[in-house]
There are 4 protein chains.
Amino acid sequence: MSIKAAIVGPTGYTGFHLIDILLRHPSAQLTYLASHRDELPDIRDEFPALLGRLDEDIAQCRPIDPGAIADQADVVFLALPHRAAMSYAPKLLDAGLRVIDLSADYRLADAALYERVYDQPHVDTDNLDEAVYGLPELNRDQLPGAMLVANPGCYPTTAALGIAPLLSHSLIKHCPIIINAASGTTGAGKKPSELLHFPNHNESYLPYGIIGGHRHQPEIEQTLSLVAGKPIHTLFVPHLLPIDRGILETIYLEPTDPDVTEDELFEAYEDTYADEPFVRVREGLPNLKHVTGTNYCDITVRLTRQGDRPTIVVFSAIDNMIKGASGQAIQNMNAVFGIDETTGLV
Amino acid sequence: MSIKAAIVGPTGYTGFHLIDILLRHPSAQLTYLASHRDELPDIRDEFPALLGRLDEDIAQCRPIDPGAIADQADVVFLALPHRAAMSYAPKLLDAGLRVIDLSADYRLADAALYERVYDQPHVDTDNLDEAVYGLPELNRDQLPGAMLVANPGCYPTTAALGIAPLLSHSLIKHCPIIINAASGTTGAGKKPSELLHFPNHNESYLPYGIIGGHRHQPEIEQTLSLVAGKPIHTLFVPHLLPIDRGILETIYLEPTDPDVTEDELFEAYEDTYADEPFVRVREGLPNLKHVTGTNYCDITVRLTRQGDRPTIVVFSAIDNMIKGASGQAIQNMNAVFGIDETTGLV
Amino acid sequence: MSIKAAIVGPTGYTGFHLIDILLRHPSAQLTYLASHRDELPDIRDEFPALLGRLDEDIAQCRPIDPGAIADQADVVFLALPHRAAMSYAPKLLDAGLRVIDLSADYRLADAALYERVYDQPHVDTDNLDEAVYGLPELNRDQLPGAMLVANPGCYPTTAALGIAPLLSHSLIKHCPIIINAASGTTGAGKKPSELLHFPNHNESYLPYGIIGGHRHQPEIEQTLSLVAGKPIHTLFVPHLLPIDRGILETIYLEPTDPDVTEDELFEAYEDTYADEPFVRVREGLPNLKHVTGTNYCDITVRLTRQGDRPTIVVFSAIDNMIKGASGQAIQNMNAVFGIDETTGLV
Amino acid sequence: MSIKAAIVGPTGYTGFHLIDILLRHPSAQLTYLASHRDELPDIRDEFPALLGRLDEDIAQCRPIDPGAIADQADVVFLALPHRAAMSYAPKLLDAGLRVIDLSADYRLADAALYERVYDQPHVDTDNLDEAVYGLPELNRDQLPGAMLVANPGCYPTTAALGIAPLLSHSLIKHCPIIINAASGTTGAGKKPSELLHFPNHNESYLPYGIIGGHRHQPEIEQTLSLVAGKPIHTLFVPHLLPIDRGILETIYLEPTDPDVTEDELFEAYEDTYADEPFVRVREGLPNLKHVTGTNYCDITVRLTRQGDRPTIVVFSAIDNMIKGASGQAIQNMNAVFGIDETTGLV
C-alpha cells in the first residue's frame with residue numbers, strides 16, 4: 001500500500017519536516033505541494049537542503065486547488081497558519097481528501113473558547129464537531145478512518161503525555177499543576193523577528209508571552225480535563241532556549257496520597273505506556289539531546305519532600321518539530337490509514 | 001585608598017573573573033596569586049585572555065604562604081574547592097588578612113548541616129561562627145570590617161533576592177516554594193566531563209543532580225528562614241543550559257491573601273530594593289542576556305490565577321560568574337573596606 | 001535482499017550514526033554489535049537516543065569473535081581507533097566477512113607513509129594492498145564485491161570532491177592548493193578534553209593542530225595525485241567551529257589558463273557530477289545547514305581576480321558524520337553488495 | 001581631565017559598546033545621546049542591559065543638534081549607517097566638536113573609490129581630505145589633536161595588523177594575499193534578517209557576499225598599499241560564524257625569500273609590535289575566546305612548505321565589537337586627547 005500525500009503550506013519548518021519524513025516513508029509518497037502565495041515557490045529554493053531529493057514536478061508548488069489535489073492524493077497535510085487552515089479544510093474534505101491539520105483551528109472542541117483564545121470567529125464549526133484530536137496515545141481508537149485530524153500543539157503533546165497517567169490513576173490533586181516549559185526556537189516559526197535575531201537570542205534564555213496566558217494552555221487543559229473527567233486548571237510558563245529544537249517540560253504536582261511512593265508513580269506510567277511505541281518511560285533524567293530528531297517522548301518522574309509535604313516532579317521531553325508537529329502528523333496518517341503507526345518514523 | 005588583594009586558587013573560572021574585575025578596579029590592586037598546585041602555574045598560560053594585562057611578577061602563581069600574602073595584601077579571595085578553603089582560611093586570618101571565601105565552607109551556619117550536605121566534617125567551626133554571609137542586600141550591616149565573608153552560591157543569590165521581599169512583607173505562604181532554575185555551564189567548573197563535552201551538551205537542555213537534593217538548597221532555605229523568622233522549605237530543581245553564563249530562576253509561590261494584587265507584589269520589591277545599586281526590579285520579563293557580564297540581578301513578578309486559585313510567579317536572573325560569584329565577592333570587599341559598593345562593578 | 005551488518009566498536013559517534021542509518025535501511029539489518037571493552041556495554045546506555053529502537057539482544061554488545069560475527073553478518077563495519085582496526089581486520093576477513101573500515105588504517109596505500117604519519121608500524125600490509133579506497137564518486141568501479149573498503153576521512157572527502165574535477169579537467173596549476181577547512185566538533189570524537197569542554201569551546205573558533213601537518217593532508221594528496229597523475233601538494237589548515245556537525249572547506253587554486261571563465265569551471269563540475277546522487281553542484285553559496293543530517297556534498301566555484309591575477313575559490317561542504325563517515329560507509333556497503341547506492345541514505 | 005563625549009546613533013550594537021566602555025572610562029564621561037529617529041528613544045528601552053547604569057537625562061536620546069551637542073561635549077562618536085554619517089559630520093565639526101566616525105564614510109581616501117564601492121556620491125570631500133584613518137598601530141602620529149577620525153572597519157583592522165609587519169619588512173610578495181575571514185554575527189548589525197533568524201543561522205557556517213567583492217576589501221588594500229608603498233591586491237573571503245562576537249582571519253602569503261625562517265617572520269612582528277599595548281604576538285595559535293570582550297588583537301605566524309614551495313600562514317583575531325569598532329574608537333579618542341591609549345580599555 002502506498003498512501004499518496006499532499007501538503008498545503010509547505011514553506012514553514014513543519015512543512016520541511018513533513019517532506020523530509022515522507023521522502024523516507026516506505027508506504028507513502030509525496031505527490032503534491034500547494035502554496036497560497038501569489039508567486040508559487042519551488043520548495044528547493046525555500047529549503048536548499050531538499051535539493052536532489054525531490055523531482056522538479058513535485059518541488060514546484062501549485063495552487064491550492066482541492067480537485068487537483070484530490071486527483072493526486074489520499075491525504076492532505078495543512079501546514080498553514082491559524083485561520084487559513086479552516087478556510088481551506090472544508091473544500092479539501094468535500095473533495096474527498098483526509099485532512100490532517102497542523103494548525104490550531106480544530107484543536108479546541110469548543111468554538112467559543114477558540115474565539116476567545118485566538119481572537120477571531122471559528123468559521124467551520126461543522127467540521128470542528130467531527131475533528132479527531134490526534135494524540136494517538138490518548139485517542140487511538142478514533143483515528144482509523146478519521147476524515148479530519150487536529151494535530152496537537154507541541155507544548156500540549158509534551159504536557160498531556162507527562163501528566164495524563166497521574167490523572168487517570170487518580171494520583172494527583174487537580175490543582176495546582178505547574179508546567180515550567182522550555183522550547184527551542186523553531187517553534188516560533190520562520191519569520192524573522194527582533195527577539196530571534198541571532199545576536200539577540202544567542203547565549204540567552206528567557207520567559208516569554210503572557211505568563212499564564214499562552215494559547216496552548218487551554219489546549220492542555222482540555223486534554224487533561226477529558227482524562228480527569230472534570231475541569232483541570234494549569235499554570236503554564238513557557239521559556240525560550242537558544243537552540244533549534246526540542247521541548248522539555250518540568251511539571252510540579254501534588255499527590256492525592258501524601259504517602260504515595262515513587263514506585264507507585266512509575267507504575268502508573270509503565271501501565272499507561274507499556275505498549276506505546278513512542279513513549280519512553282525512563283529511570284534516568286531526560287535530556288533534550290536524546291529526543292531531538294526522533295518521534296519519541298521521554299518521561300520520568302520524581303517524588304520529593306519539602307518538610308512533610310510531598311511534591312511530584314515530572315520531566316517530559318520531545319522534539320517540537322517531530323513528535324510536537326510533523327512526526328506526530330505522520331503517526332496520525334499511519335493510524336488513519338490503518339498501517340503500523342511507527343512506519344517511516346523509527 | 002587602594003586595597004591590596006590576593007587570590008588563592010585563581011585557576012578556575014571564578015579566579016579569572018576576580019582577576020578581570022580587580023584589574024579594572026579603581027581602588028584595588030591585585031598583588032599576589034597563590035596556587036596549591038605542585039607545579040606553580042603562570043596564570044596567563046591558564047587564561048591566555050589575560051596576556052598583556054598582568055605583569056610577570058603577579059602572573060606567576062606563588063605558594064600559599066600566609067605570611068608572604070599578608071605582607072603584600074589586605075584581603076585574600078579564596079577561589080578554592082570546598083574543604084580546601086577551610087583548611088587555609090584559619091592561617092590566613094591569623095596572618096591578619098581579611099578573607100572572602102567563594103567556596104561553600106562558611107556559608108552554612110550549622111556545622112552539622114554542612115557535614116550532612118557536603119559529606120565531610122567541618123574543620124574550622126571557630127571561624128564559622130564569625131563568618132558573615134555576604135549577601136549585601138540582606139546583610140549589609142555586618143559587612144564593614146568583617147574578617148571572614150562567606151560569598152553566597154550562585155543559585156542561592158538568585159533565589160534569595162527573588163523571594164526575600166515576599167517573605168519579609170508576609171505576602172506568601174511558607175510552603176511550597178518551587179524554584180525552577182536554569183544555569184549556564186561555567187557554574188559546573190573548568191574540569192572536563194562527559195556531560196559537558198561540547199558535542200554532548202551543545203543544543204541540549206536537561207535537569208541534573210538529585211532533584212530536590214542539590215547542595216544549594218539548604219543554603220537557600222537558611223537565608224529564607226532567617227528572613228521569615230521560621231523554617232522555610234523549598235523545592236529546588238536545577239537545569240543546565242547550553243550557554244556559558246547566567247542563571248534564571250522561575251519561582252512559584254502561593255500568596256497569603258488570595259485577593260492580593262500584582263501591584264502590591266511589586267510594591268514589596270520596590271520597597272525592598274529602592275536603594276539597591278545591583279537589583280533591578282523590572283516591569284518587563286527578564287532575559288539572561290540583559291544581565292550577563294554585569295553584577296545586576298533582574299527581577300520581576302506576575303500574579304496568575306488557575307481557576308480561583310492564585311499563584312505568584314517570580315523571575316530572578318543574574319550572571320552566575322559575576323553577581324553569583326566574583327562580582328559579588330568584589331562587592332563584599334568594597335563593603336568590608338567601607339568604599340562605595342559599586343566601585344569597579346558598573 | 002537483506003544485508004546483515006555487524007559493527008565493531010559502536011560506542012563512538014560514528015558507531016551511533018551507523019546504527020541510526022542501518023535501523024532505517026530497507027535492505028539491511030543490524031545483527032551484531034561487538035566491543036573491545038572489558039565490560040561489554042549495552043549500546044542504549046551509551047546512547048539513550050537509541051532506546052526503543054533496538055532489541056535487547058542486539059543492543060547488548062558482544063565480544064569481537066570473528067566466527068560468531070561471520071555466523072550472523074555479511075559485512076562488518078570497523079568503527080575502531082587507528083591501529084585497533086588493522087589488528088582485527090585480518091581475522092574478520094579470514095572469517096569471510098566483507099570489511100568496511102572507518103579508521104585510517106587502510107586509507108594510505110603506502111605503508112611507509114602510514115608509518116610516518118601515524119607513527120606506528122603497519123601490521124597488515126597484505127590486506128592493505130587489496131583495500132579499496134571507498135570514495136564512490138572517484139572509485140566506483142572497484143567497489144562491487146570488494147572484500148575490504150577503506151572509508152575515507154571527513155576532510156579528505158570534502159577536499160577530493162571539491163578539487164578533483166578541476167584537476168581531471170586540467171584547469172588548475174598543481175601548486176599551491178590551499179585548503180582552509182572548518183569542522184564541527186563531533187569529528188574530534190567522544191572523549192572529553194579541555195579544548196572541547198563546553199564553556200571553553202562555546203562561542204569560539206580556532207585553528208588547531210600543526211598547521212600544514214594534519215594527518216588528513218597526506219590522504220588528500222594521495223587522492224589528488226591519483227587524479228592528476230602526478231604528485232600534488234596542498235596546504236591544509238583546519239579550524240574548529242562551535243557546532244556539532246559539518247565541514248566546510250574554502251579552497252584557493254590558481255587556474256592554468258588565466259583567461260578561463262567561471263562557466264568553464266562550472267562545466268567541469270557538472271560534467272563530473274551529472275549523475276552523482278550525492279554531489280550537488282550549486283550556483284548559490286553553500287551553507288553547512290543545508291548538508292547537516294544528509295549524505296550530500298554541496299559544491300560551488302567562483303572565479304575572482306586580484307589585479308590581473310585570477311584565483312579560483314571552491315566551496316565544498318558535507319556533514320562530517322554522514323558523507324564524511326557513517327553515511328559514506330553505508331554508501332560503500334550498498335556499492336559492495338550491488339544495490340542502489342542511495343538506499344537508506346535519502 | 002575628563003573628556004565629555006556624545007554619541008550620535010547609539011541604538012546599534014556599536015553604540016551599546018561605546019556607552020558600556022564610556023561608563024567605565026576613568027577620564028571620560030558620556031554627556032549626550034542623539035538619535036535621528038523621529039521618535040526619540042530612551043536607550044535603556046533599546047538595551048535593558050543598561051538599566052541602572054545611566055541617568056534618565058542621559059539615557060533619553062535627544063535630537064542631533066550640533067550646537068546643543070557642542071555645548072555639552074568635546075567629542076562626538078558617529079555610530080550611524082554609511083551616508084548618514086557624512087551628512088552630519090560637517091555641522092558637528094563646524095560646531096567645534098572632534099568627530100570619531102564609526103561608519104565607512106571617511107575611511108577611503110579616494111572619493112571616487114568610495115562612490116564605486118558604496119554606490120553613492122561622497123558629499124563631504126572637504127573633510128574627507130582631513131580625516132585621519134584611526135588605526136593607532138599604523139597611524140599614531142596623526143591622531144593627537146585630529147578633528148575627524150575615520151574608525152577602521154573590523155575586517156580591515158584584523159587584516160592590516162596581521163599583514164603590515166610582513167609588508168613593511170619586505171618579507172612577502174605582493175600577490176597573492178589571500179584573506180580567509182570568519183566573523184561573529186554582531187558585525188551584521190541589529191536589523192533582523194532571514195539569514196540571521198536564529199533557527200536559520202544556529203549550528204551553521206557559511207561564506208557570504210560577493211566572493212572577492214566585499215566592501216571591506218578596498219579598505220584593506222588601501223592600508224596595505226600605503227604600508228608597501230605600491231598597490232597591493234588581496235582576495236578577501238568572509239564567512240559567518242554562529243556566534244556573537246569575534247573575527248579570526250587566516251591569511252595565506254608567499255615569502256619573498258624562499259629560505260626565510262619562521263623566526264625571521266616572528267621577528268618582524270615583534271619588532272613592529274614590541275611597544276603596542278593592544279597587539280599580542282603569540283607563539284601559540286589564537287582562539288577567538290581569548291580576545292572576545294577585549295581590545296586586543298592576537299597574532300601568530302607559521303611557515304609551511306608544500307613540496308619545495310613555502311607558504312606563510314598568519315592568524316589574526318580581534319573582537320569585532322571592541323578592537324574592530326567601539327574599543328578602537330575609544331582608543332582613538334584617547335590618542336586624540338593625548339591621554340594614555342589604554343585608558344578605560346584594559
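Everything quoted here is computed from the prediction, not taken from an experiment. (Residues numbered from 1 in each chain as written. Chains lettered and ligands numbered in written order. Predicted model: local features only at pLDDT ≥ 70, side-chain atom pairs only at ≥ 80, totals over all residues. Heavy atoms only, no water.)

Next up on the list: the overall build of chain A. When helices and strands are tallied, chain A shows 14 helices and 13 strands. Against the 2.2 N^0.38 benchmark of 20 Å for 346 residues, chain A shows a C-alpha radius of gyration of 20 Å, consistent with a compact globule. Expressed along its principal axes, the backbone C-alpha trace of chain A runs to roughly 65 × 45 × 40 Å. Looking at the 346 residues of chain A, the share that counts as buried comes to 66%. The long-range share in chain A, meaning contacts at least 24 apart out of those at least 6 apart in sequence, stands at 70%. (Helix = DSSP H or I, 4+ residues; strand = E, 2+ residues; numbered from the N terminus. Rg over C-alpha atoms; globule rule 2.2 N^0.38 Å. Buried < 20%, exposed > 50% of the residue type's maximum accessible area, 1.4 Å probe, protein only. Contact = heavy atoms within 4.5 Å.)

Now for the interface of chain A and chain B. With 43 residues of chain A at the contact, the number on the chain B side is 44 residues. Together chain A and chain B conceal approximately 3600 Å² of surface at their shared face, both sides included; 64% is due to carbon and sulfur atoms. Of all residues in chain A, Glu203(A), Tyr205(A) and Lys289(A) bury the most surface against chain B, accounting for 18% of the area lost on that side. In this structure, the connection of chain A to chain B is made through zero salt bridges. Our count for the chain A to chain B interface comes out at 14 residue pairs in polar contact (both at pLDDT 80 or more). Secondary structure elements with two or more residues in the side of chain A that touches chain B: β7 (177-183), α10 (198-201), β8 (206-207), β9 (234-240), β10 (247-253), α13 (288-291), β12 (297-306) and β13 (309-318) of chain A. (Buried area = accessible area lost by both parts, 1.4 Å probe. Salt bridge = Lys/Arg side-chain N within 4 Å of Asp/Glu carboxyl O. Polar contact = N/O pair within 3.5 Å; in protein donor to acceptor, adjacent residues only side chain to side chain.)

Residues and elements named next belong to chain A. Here the structure, examined in full by the defined rule, presents 64 salt bridges over all chains. Across the pair Glu254 and Lys173 runs a salt bridge whose closest N-O atoms are separated by 3.0 Å. One end of the pair, Glu254, is in the loop between β10 and α12 (262-273); the other, Lys173, is in the loop between α9 (154-168) and β7, with 81 residues separating them in the sequence. Looking at Glu254, the relative accessible area reads 16%, which means it is buried.

This part takes up the environment of Cys297(C). All names here are of chain C. Mapped onto the elements, Cys297 comes out in strand β12 (residues 297-306). Residue classification places Cys297 among the buried positions, given a relative accessible area of 0%. Note: C-alpha distance between Cys297 and Gly162 (135 residues apart in sequence) is 8.8 Å.

Let's shift gears to the packing of α9(A) against helix α11 (residues 216-228) of chain A. All names here are of chain A. At a minimum axis distance of 9 Å, the contact between α9 and α11 shows a crossing angle of 25°. Classed by the angle they form, the pair α9 and α11 counts as roughly parallel. Here α9 and α11 pass one another in a crossing that is right-handed. Residues Cys154, Tyr155, Pro156, Ala159, Ala160, Ile163, Ala164, Leu167 and Ser168 of α9 touch α11, and the partners they reach there are His216, Glu219, Ile220, Thr223, Leu224, Val227 and Ala228. Counted by class, the contact of α9 with α11 contains twelve nonpolar, three polar and one charged residues. (Axes fitted to C-alpha atoms, helices over the stretch in contact; angles between N-to-C directions. Parallel < 35°, antiparallel > 145°, perpendicular 65-115°, else oblique. Left-handed = near helix turned anticlockwise from the far one by under 90°. Nonpolar A, V, L, I, M, F, W, Y, C, P; charged D, E, K, R; others polar.)

This brings us to the sheet that holds strand β9 (residues 234-240) of chain D. Residues and elements named next belong to chain D. As summarised here, the arrangement of the seven strands in space is β8-β9-β7-β10-β13-β12-β11, forming an open sheet in which the pairing is mixed. At either end of the open sheet lies a strand with only one pairing partner, and these are β8 (206-207) and β11 (279-281). For strand β12 (residues 297-306) and strand β13 (residues 309-318), the ladder comprises nine bridges, and the chain directions are antiparallel. Looking at β13, one finds that Arg302 is bridged to Val313. Set on the sheet, helix α12 (residues 262-273) makes contact with β11, β12 and β13; between it and β12 the angle comes to about 160°. (Pairing = 2+ DSSP bridges.)

Another aspect to go through is the sheet that holds strand β2 (residues 28-34) of chain A. All names here are of chain A. Pairing within the open sheet is parallel, and its six strands lie in the order β2-β1-β3-β4-β6-β5. Edge positions in the sheet fall to β2 and β5 (132-133), since each has one partner strand and no second. In the sheet, strand β3 (residues 75-78) pairs with strand β4 (residues 98-101) via four bridges, with the strands oriented parallel. Note that in β4 the partner of Leu78 across the bridge is Asp101. Contacts from helix α1 (residues 13-24) reach β1 (3-8), β2 and β3 within the one sheet, and its direction differs from that of β1 by about 165°.

Moving on, we get to the relation of the copies chain A and chain B. When chain A is fitted to chain B, the residual RMSD is 0.0 Å, and the transformation amounts to a turn of 180° plus an axial shift of 0.0 Å. Considering both components of the superposition, the chain copies are consistent with a two-fold axis. A shared interface surface links the copies, since 100% of the contact residues of chain A are contact residues in chain B too. (Least-squares fit on C-alpha atoms with pLDDT ≥ 70 in both.)

This part is about the interface of chain C and chain A. With 16 residues of chain C at the contact, the number on the chain A side is 16 residues. A buried area of about 1500 Å², summed over both sides, lies between chain C and chain A, and 51% of it is on carbon and sulfur atoms. Here chain C is connected to chain A by two salt bridges. The shortest N-O distance in the salt bridge between Lys289(C) and Asp244(A) comes to 2.7 Å. Taken together, the links from chain C to chain A amount to eight residue pairs in polar contact (both at pLDDT 80 or more). Here the side of chain C that touches chain A is built from residues that sort into six nonpolar, three polar and seven charged.

So, about helix α5 (residues 84-94) of chain C. All names here are of chain C. Ala84, Ala85, Met86, Ala89, Leu92 and Leu93 are the residues of α5 that are buried. Within α5, the buried residues cover an arc of 160° as seen down the axis, which keeps them to one side. Against the buried residues of α5 lie α4 (66-72), β3 (75-78), β4 (98-101), α6 (111-118), α7 (125-130) and β6 (148-150). Phi turns positive one or two residues past the end of α5, at Gly96, with a value near 95°. (Arc of directions from axis to C-beta.)

What follows covers the domain arrangement of chain A. Residue and element names in this part refer to chain A. Domain boundaries assigned for chain A yield domain 1 (3-130) and domain 2 (155-320). Between the C-alpha centres of domain 1 and domain 2 the distance comes to 28 Å. Taken together, the contact pairs 13 residues of domain 1 with nine residues of domain 2. In total, about 990 Å² of surface goes out of reach between domain 1 and domain 2, with carbon and sulfur atoms giving 55% of it. At the boundary of domain 1 with domain 2, the tally comes to two salt bridges. Glu219 serves as the salt-bridge partner of Arg107, at 3.4 Å between the closest nitrogen and oxygen. For the pair domain 1 and domain 2, the interface holds six residue pairs in polar contact (both at pLDDT 80 or more). For the side of domain 1 that touches domain 2, the secondary structure elements donating two or more residues are α1 and α6 (111-118). Here the element with the most residues in the side of domain 1 that touches domain 2 is α6; it accounts for three residues. (Domains from an automatic or database assignment.)

Superposition of chain C onto chain A requires a rotation of 180° combined with a translation of 0.0 Å along the rotation axis, giving an RMSD of 0.0 Å. Of the interface residues in chain C, 100% have counterparts in chain A that sit at the interface too, so the contact is made through matching surfaces.

Positionally, Asp126(A) belongs in helix α7 (residues 125-130). On a C-alpha basis, the gap between Asp126(A) and Arg44(A) in space is 36 Å, while along the polypeptide they are 82 residues apart.

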